[in-house]
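Reading the structure
Here is what each chain is made of, one letter per residue.
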Amino acid sequence: MSYPAADSFLPVDQPVTLDDVSGARKMLAGVARITPIEGSRHLSALVGAPVRLKCENLQRTGSFKVRGAYVRIAGLLPEERAAGVVAASAGNHAQGVAHASALLGVRSTVFMPLGAPLPKIAATREYGAEVRLHGQVVDEALAAAQEHAERTGAVFIHPFDHRDIVAGQGTVGLEILEQCPEVRTIVVGMGGGGLAAGIAVAVKALRPDVRIVGVQAAGAAAYPPSLAAGRPVSIQHQATMADGIKVGRPGGVPFRIVAELVDEVRTVSEDELSSALLLCLERAKMVVEPAGAAPVAALLGDPGAFTGPVVAVLSGGNVDPVLMQRILRHGMAAAGRYLAVRLRLTDRPGALATLLGVLSEADANVLDVSHVRTDPRLGLTEAEVELHLETKGPDHCDEVRDALRAASYTIIE
């Protein structure tokens, strides 16, 4: 998604300061949870230093977004509140704006694309927003939201390109320093950059020695070319499962902060994202959306690059169950826990049962079997079988292949 610069906001050259973040924290007292930090033995062993997870997936509304949304809306003038607020989002920002508006007694309208996940639409409505479905993608919903703001006078609440939003998100950084004062590296996912910028403002003011590493999905990484150009630039092609950080252009306010204070921006692949989500679920018992798993993906991809103690920010846990199912399958495949094999065998009674017996002995779980007997490529007495198997990992995949070959089956590559 891409968001235009917010020309009606405060001057973009007015810096966000530690005082702004501290003020936001006072404002959020009793509103945003102080989310826990949990250790990860698996990631600590991998990195060779303590790794802790900052669990913003356990925040109210399921992500950090409520922090910035509340601070932004609470700062409106009375006449602005009376006009209501409007936002566009497919998920976390929508819920953050809806919940913050309800707490403050402000009318909210949220435009969401027609294809937005049903649980996120339902949650946004339950938090009190009027949800309007418009367009196939968030950009179309955004255009409708801006038109609504111009027509009604409602205040458009930008998801990341405003000083109050950045200050609100920066309260995560203050909590990290208090919960893990020995931290040396903070790893945080980045879309438009509001969370990373806010954390950087708070942390660098108090602990300039702490390294801040931003993480983007490789399929939607607008920050690397923007940092190279010295200004926010748009990328046209965005393809990633991590919709929470799928942003086509950095915000002007966070970009300046990121360029000055964030030490490094890394990218992660879709395989790394799905593997990270699976690890969070299995080893940390955390339900995390792909964007929230991006820092863990960076640790998995290059564990030796991070000086510990490390805090990885799990920014959100709002993941559609249908998408979760697909991602878990993808993550298991990326982790070598799915194996697809195709082979030929003699077409006679009991042949398939014999094959399945070999797989049972090899302790492979059969998920799906495709048995073809009539393809013109096959000989008169041949059948072709394609199997999808669940395994225990890459080594077990090799053991299964070896067992099949030892039983005189030829695996078709």
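Criteria and cut-off values
- Counting of residues starts from 1 at the beginning of each chain's written sequence and follows it residue by residue.
- Per-residue local features of the predicted model are confined to residues with pLDDT of at least 70, and side-chain atom pairs are confined, for both listing and counting, to 80 or more; whole-chain, interface and lining totals are unaffected and use all residues.
- Note that water and hydrogens are dropped before the side-chain values are worked out from all heavy atoms of the structure.
- A pair is scored as a salt bridge if a Lys or Arg side-chain nitrogen falls within 4 Å of a carboxyl oxygen belonging to Asp or Glu.
- Per the convention used, a helix needs a DSSP run of H or I reaching at least four residues, while a strand needs a run of E reaching at least two, with both numbered from the N terminus.
- Between buried and exposed lies partly exposed: a residue is buried under 20% and exposed over 50% of the maximum accessible area for its type, with that area taken using a 1.4 Å probe on protein chains only.
- Criterion used throughout: strands pair if DSSP finds at least two bridges between them.
- Summary of the metric used: pLDDT quantifies the predictor's per-residue confidence within the range 0 to 100.
- The contact criterion used throughout is that any non-hydrogen atoms of two residues lie within 4.5 Å.
- Inter-axis angles, ranging from 0 to 180 degrees, are taken between N-to-C directions of lines fitted to C-alpha atoms, where helices are fitted over the stretch in contact.
- Expected helix span is taken as 1.5 Å per residue step, with the number of steps being one fewer than the number of residues.
- Starting at the helix axis, one direction is taken to each C-beta atom, and the arc is that of these directions.
- Orienting the strands away from the viewer, one traces the path from the first strand over the helix to the second; a clockwise path indicates a right-handed crossover.
- In this scheme, roughly parallel covers angles under 35 degrees and roughly antiparallel covers those over 145, while 65 to 115 is roughly perpendicular and the rest are oblique.
- By the definition used in this description, the sense in which the near helix is turned from the far one sets the handedness, with an anticlockwise turn below a right angle giving left-handed and a clockwise turn giving right-handed.
- Throughout, nonpolar core names a set of buried Ala, Val, Leu, Ile, Met, Phe, Trp, Tyr and Cys residues whose side chains join them through atoms within 4.5 Å.

**Overview of the pattern of salt bridges**
- The tally for this structure, following the rule as stated, stands at 20 salt bridges.
- Across the pair Arg-52 and Glu-182 runs a salt bridge whose closest N-O atoms are separated by 3.2 Å. Of this pair, Arg-52 sits in strand E2 (residues 51-55) while Glu-182 sits in the loop between helix H8 (163-179) and strand E7 (185-189), and the two are 130 residues apart along the sequence.
- Accessibility expressed as a relative area gives 37% for Glu-182, which makes it partly exposed.
- Arg-207 is the salt-bridge partner of Asp-209, the closest N and O atoms lying 2.9 Å from each other.
- What emerges from the salt-bridge pattern is a single network uniting Lys-54, Glu-56, Arg-67 and Glu-175.

**What to know about the sheet that holds strand E3 (residues 85-88)**
- An order of E5-E4-E3-E6 is seen for the four strands of this open sheet, with the pairing classed as parallel. Each edge of the sheet is formed by a strand with only one pairing partner; in this case those strands are strand E5 (130-133) and strand E6 (155-156).
- Of the strand pairs in this sheet, E3 and strand E4 (residues 108-112) are connected by four bridges, and their pairing is parallel. Each residue of the ladder has a partner; that of Ala-88, found in E4, is Phe-111.

**Details of helix H13 (residues 294-301)**
- Burial analysis of H13 places six of its eight residues in the buried class, which makes it a mostly covered element.
- Those residues of H13 that sit buried are Ala-294, Pro-295, Val-296, Ala-297, Ala-298 and Leu-299.

**Remarks on the confidence of the model for the protein**
- Taken over all residues, the pLDDT of the protein has a mean of 90, while the share at 70 or more is 95%.
- Long-range and interchain partners of residues 1-12, a stretch whose pLDDT sits below 50, account for 35 contacts in this model, where long-range means more than four residues apart.

**Observations regarding the sheet that holds strand E1 (residues 37-39)**
- Sheet architecture is open: six strands sit in the order E1-E2-E10-E7-E8-E9, paired in mixed fashion. Where the open sheet ends on each side, the last strands, each with one partner, are E1 and strand E9 (264-268). Taken over all neighbouring pairs, the strand axes of this sheet differ in orientation by 25° on average, direction set aside.
- Contacts from H8 reach E1, E2, E7 and strand E10 (310-314) within the one sheet, and its direction differs from that of E2 by about 140°.

**Remarks on helix H16 (residues 394-406)**
- The terminal C-alpha atoms of H16 lie 19 Å apart, and with 13 residues this matches the ideal 18 Å at 1.5 Å per residue to within 8%.
- When H16 is considered as a whole, its buried residues turn out to be His-396, Cys-397, Val-400 and Leu-404. Buried positions in H16, seen along its axis, are confined to an arc of 110° and lie on one side of it. Opposite the buried face of H16, at more than 90 degrees from it, the exposed residues are Asp-395 and Ala-406.

**Comments concerning the pairing of E7**
- Of all five residues making up E7, five are buried, and the element is well covered by its neighbours.
- Along E7, one buried face is formed by Thr-185, Val-187 and Gly-189 and the opposite face, lined by Ile-186 and Val-188, is buried too.
- Sheet analysis places E7 next to strand E8 (residues 211-217), joined by five bridges and oriented parallel. Among the inter-strand pairings, Val-187 is bridged to a residue of E8, identified as Val-213.
- You can see the chain leave E7, run along helix H9 (residues 194-206) and come back into E8, and the turn it takes is right-handed.
- Where E7 lies against E10, three bridges are found, and the strand directions are parallel. Looking at the pairing, Val-187 lines up with Ala-312 of E10.

**Points about the environment of Val-187**
- Within the element layout of this structure, Val-187 appears in strand E7.
- Assessed through its relative accessible area of 0%, Val-187 is described here as buried.
- For the pair Val-187 and Leu-53, spaced 134 residues apart in sequence, the C-alpha to C-alpha distance is 9.7 Å.
- Apart from the residues lying within four places of it in its own chain, the contact partners of Val-187 are Val-213, Val-215, Pro-295, Ala-298, Leu-299, Phe-306, Val-310, Val-311, Ala-312 and Val-313.

**Considering the environment of Gly-331**
- You can see Gly-331 is positioned in helix H14 (residues 321-334).
- Note: C-alpha distance between Gly-331 and Arg-231 (100 residues apart in sequence) is 35 Å.
- Not counting residues within four places of it along the chain, the set of residues in contact with Gly-331 comprises Ser-274, Ser-275 and Leu-278.

**Details of the packing of helix H5 (residues 92-104) against helix H6 (residues 118-126)**
- Between H5 and H6, the least distance of the axes is 8 Å, while the angle of their chain directions is 15°. Our classification of the angle between H5 and H6 gives roughly parallel. The element H5 and its partner H6 pack so that their crossing is left-handed. Mapping the contact onto sequence places Ala-94, Gln-95 and Ala-98 in H5 and Lys-120, Ala-123 and Thr-124 in H6.

**Thoughts on the nonpolar core**
- Among the nonpolar cores identified, the biggest contains 52 residues, and Ile-73, Val-85, Val-183, Ile-186, Ile-199, Ile-212 and Val-313 are the most heavily contacted of them.
- With eight residues, H9 is the largest single contributor of residues to this core.
- Leaving out residues up to four positions away in the same chain, Val-85 has contacts with Ile-73, Leu-76, Val-97, Ser-101, Val-106, Arg-107, Ser-108, Thr-109, Ala-154, Val-155 and Ile-157.
- Formed by 38 residues, the second largest nonpolar core is a distinct cluster that contains Ile-245, Ala-276, Ala-293 and Ala-298.

**Points about unusual backbone geometry**
- Here the residue pair Gly-308 and Pro-309 is connected by a cis peptide bond, since its omega of -5° sits within 30 degrees of zero.
- The phi torsion at Ser-408 lies on the positive side, around 75°, for a residue other than glycine.

**Describing the pairing of E4**
- Burial analysis of E4 places five of its five residues in the buried class, which makes it a mostly covered element.
- Crossover connection from E3 via H5 to parallel E4: handedness right-handed.
- For the segment spanning E4, H6 and E5, crossover handedness is right-handed.

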